[in-house]
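Listed below, chain by chain, are the residues.
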Amino acid sequence: MSSHIPLPKEKHSKSKLFATVSSLSSKKKEHIKCIEAHPFNHRLSVIVDKKQEADIQRMLAECIGEYYKVKTLKPTDLIDPSFIREYVSSKGKSNTRNSSVALSLGTRIDVDDVFAIDGNGQLIMSLCKDTYQVLGLTGRQSQFPLERGSRFVVTVDLLADCMDPETKYFRRLHPRLHAVFGDQEFELAIGVYAQDTGKALNLDIPGVTACMPHVKTLTLLDVDVPDLARSDLVSDSRPDGWNEEVQDVFEWIGLAAAGADVVTQSAGQTANALTIRTYHAPAPTKHRDLAVLSVEGMLSAKAISQFAQKMIEIQSSDNPDLDPAPLFLCVWGYDDAPVSWGSSEHGFLTSGENMYAHAYLPQIDKCVAFQACGPWDSYSC
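Residue numbering note: each chain is counted from 1, following its sequence as written. Where totals are concerned, whole chains, interfaces and linings use all residues; where local detail is concerned, this predicted model gives features only for residues with pLDDT of at least 70, and gives and counts side-chain atom pairs only at 80 or more. In computing side-chain properties, one takes all heavy atoms of the structure into account and sets aside hydrogens as well as water.

Enquirer: Hey, could you run me through the sheet that holds strand β8 (residues 140-141) in this one?
Expert: Backbone-to-backbone hydrogen bonds join strands into a sheet, with any given pair of strands oriented parallel or antiparallel. One open sheet holds the eight strands; their spatial order is β8-β9-β7-β6-β5-β10-β4-β11, and the pairing between them is antiparallel. Each edge of the open sheet carries a strand with a single partner, namely β8 and β11 (208-211). A pair of strands is treated as paired once DSSP finds two or more bridges between them. Helix numbers and strand numbers start at the N terminus; a helix is a DSSP run of H or I with at least 4 residues, a strand a run of E with at least 2. Relative to strand β9 (residues 151-157), strand β7 (residues 122-128) runs antiparallel, the two sharing seven bridges. Within β9, the position partnered with Q122 by the bridge is D157. Here, two residues are considered to be in contact whenever any of their heavy atoms come within 4.5 Å of each other. Angles here are taken between N-to-C directions and fall from 0 to 180 degrees, while the axes themselves are lines fitted to C-alpha atoms, restricted in helices to the stretch in contact. Of the strands in this sheet, β5 (98-104), β6 (114-118) and β10 (186-194) are in contact with helix α3 (residues 81-88), which crosses β5 at around 125°.

Encoded structure:
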């Protein structure tokens, strides 16, 4: 069973929350598609039973590799034939193409020129009107400008034959980028990964600094955890209040991932017995000691999906007669990324939100996926 429910109805001025209930064993693997179609990830948190903390931390450290920051990269460097050959179009031992993800840092998607490579060989340039007009390359008007016609998007397929330095296209592209940006340098975060495994690969270019995300842990004791296996959320029907329950569970996951006091206080851990509790976890619930493990940095979508599948396998191998442990995954995208999922254009307005959360329930073969977008995001299930 799979269903896509937009919450609330899509409006240009409102944020959107999508809920998907799918089967973990389905060949469609919708939970994996959700992860791997989201290239620009900067933070991950996983909420697990405290007893599983050591195993999950080890798996997370094994799956998440280093990325790089370069403070002196020019736009022409991104189309340099040697860069493309070595890090974009090259193939690994399994004969699958490497995947490079890059995003300019400190550039705001609503008012600055933003450069990105999406992991599939597409160079995306989200440009201000003045830059676009001077650049003279073919693009399209952005869906989300502050003023109509004030932003444009130019996409270059770095894997196309026309990127050969001898082609007319390349001989026009390179001089135009150099003429507009000259020696102007940008700071970029870059990750180079094996496309089939998400394993981090080396980047060897001038001015590069390697960054290794480190796992941070947080303990939440005696927490009321939503028992989704017994909730209406995964039922075949859509009872009254289903939409509200989706929003409540999504809110709880976000609060737990942040270690918010209200999550522990909702289970009775108040500093003062006379404190009035204003928050309660969505029912039905069960008491658990939780561990929240988090990493920050440029994170490979493929590595995240590999990590998620390993967690699900561990959970599936547990004794089915035992009370299943909670298993939640949260991933946040960069606010100023030019796309969110796939080629869906992403803007900012009042919020650059593009994140997802998964609740894995292998004991009943279900995944509940939540995808949240800011008001300027063209993604729709």
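This is not the end of the story, as more comes after the structure.
Enquirer: Help me understand empty space enclosed by the protein, please; the structure alone is not making it clear to me.
Expert: If a probe the size of a water molecule is rolled over the atoms, the empty space left behind becomes visible. Only protein atoms enter the 1 Å grid used here, on which a cavity is any set of points holding a 1.4 Å probe that cannot leave and a pocket is any open set flanked by protein within 12 Å on both sides along at least five of seven lines; residues with an atom within 4 Å of a point are listed as lining. Grid points are joined across faces, edges and corners, and a volume is the space filled by probe spheres set on the points. Applying the stated rule across the entire model yields four cavities of 30 Å³ or more. The volume enclosed by the largest cavity comes to roughly 90 Å³. Around the largest cavity, the lining comprises 14 residues; the ones closest to its centre are P226, K286, A325, P326 and L361. Those elements that provide at least two residues to the lining of the largest cavity are β14 (327-333) and β15 (354-361). Class assignment of the residues belonging to the lining of the largest cavity gives a composition of eleven nonpolar, one polar and two charged. Of the voids in this model, the second largest cavity is the one considered here, and its volume is about 60 Å³. Taken together, I109, D110, S126, S142, F144, R151, E345, H346, G347, F348 and W376 form the lining of the second largest cavity. In this classification, the charged set is Asp, Glu, Lys and Arg, the nonpolar set is Ala, Val, Leu, Ile, Met, Phe, Trp, Tyr, Cys and Pro, and all remaining amino acids, among them Gly, are polar.

Enquirer: Quick question: what am I supposed to make of the pairing of strand β16 (residues 366-373) here?
Expert: The side chains of a regular strand alternate, first on one face of the sheet and then on the other. Counting buried residues along β16, eight of its eight residues qualify, which places the element largely inside the surrounding structure. Any residue under 20% of the maximum accessible area for its type is buried, any over 50% is exposed, and the rest in between are partly exposed; the area is computed with a 1.4 Å probe on protein chains only. The two faces of β16 match: K366, V368, F370 and A372 on one face and C367, A369, Q371 and C373 on the other face are all buried. As paired elements, strand β2 (residues 16-23) and β16 share eight bridges and run antiparallel to each other. Pairing of S23 across the sheet is with K366, part of β16. Pairing geometry for β15 and β16, over eight bridges, is antiparallel. Paired with N354 across the strands is C373, a residue of β16. In sequence, β15 turns back onto β16 through a hairpin of four residues, with D365 there showing a positive phi of about 60°.

Enquirer: Hey, could you run me through the packing of aromatic side chains in this one?
Expert: Aromatic ring pairs are defined here through the distance separating the ring centres and the angle between the ring planes. Pairs were defined over the aromatic rings of Phe, Tyr and Trp, the Trp ring being its six-membered one, requiring ring centres within 6.5 Å. Orientation was assigned from the angle between planes: stacked under 30 degrees, edge-to-face over 60, tilted for the rest. All told, the structure shown has eleven aromatic pairs when counted by the stated rule. A centroid spacing of 5.7 Å and a plane angle of 50° characterise the contact between F83 and Y87, whose relative ring orientation is tilted. Note that F83 and Y87 are positioned in helix α3 at a spacing of four residues, about one turn of the helix. Assessed through its relative accessible area of 7%, F83 is described here as buried. For Y87, a relative accessible area of 7% puts it in the buried group. Ring centres of Y132 and F152 lie 4.3 Å apart, and the angle between their planes is 5°; this geometry places the pair in the stacked category. Here F152 lies in strand β9 and Y132 lies in helix α4 (residues 129-135), a separation of 20 residues in the sequence. Here the two residues Y132 and F152 agree in accessibility, since each one is buried. These aromatic residues form a ring-pair network of at least three members: F18, W341, Y356 and Y379. Here, over-ring charges are defined by two tests on the NZ atom of lysine or the CZ atom of arginine: distance to the ring centre within 6 Å, and angle to the ring normal within 35 degrees. Here R43 stacks its cationic end above the ring of W332, 4.2 Å away from the centre of that ring. Over the face of the ring belonging to W242 we find R238, whose NZ or CZ atom lies 4.2 Å from the ring centre.

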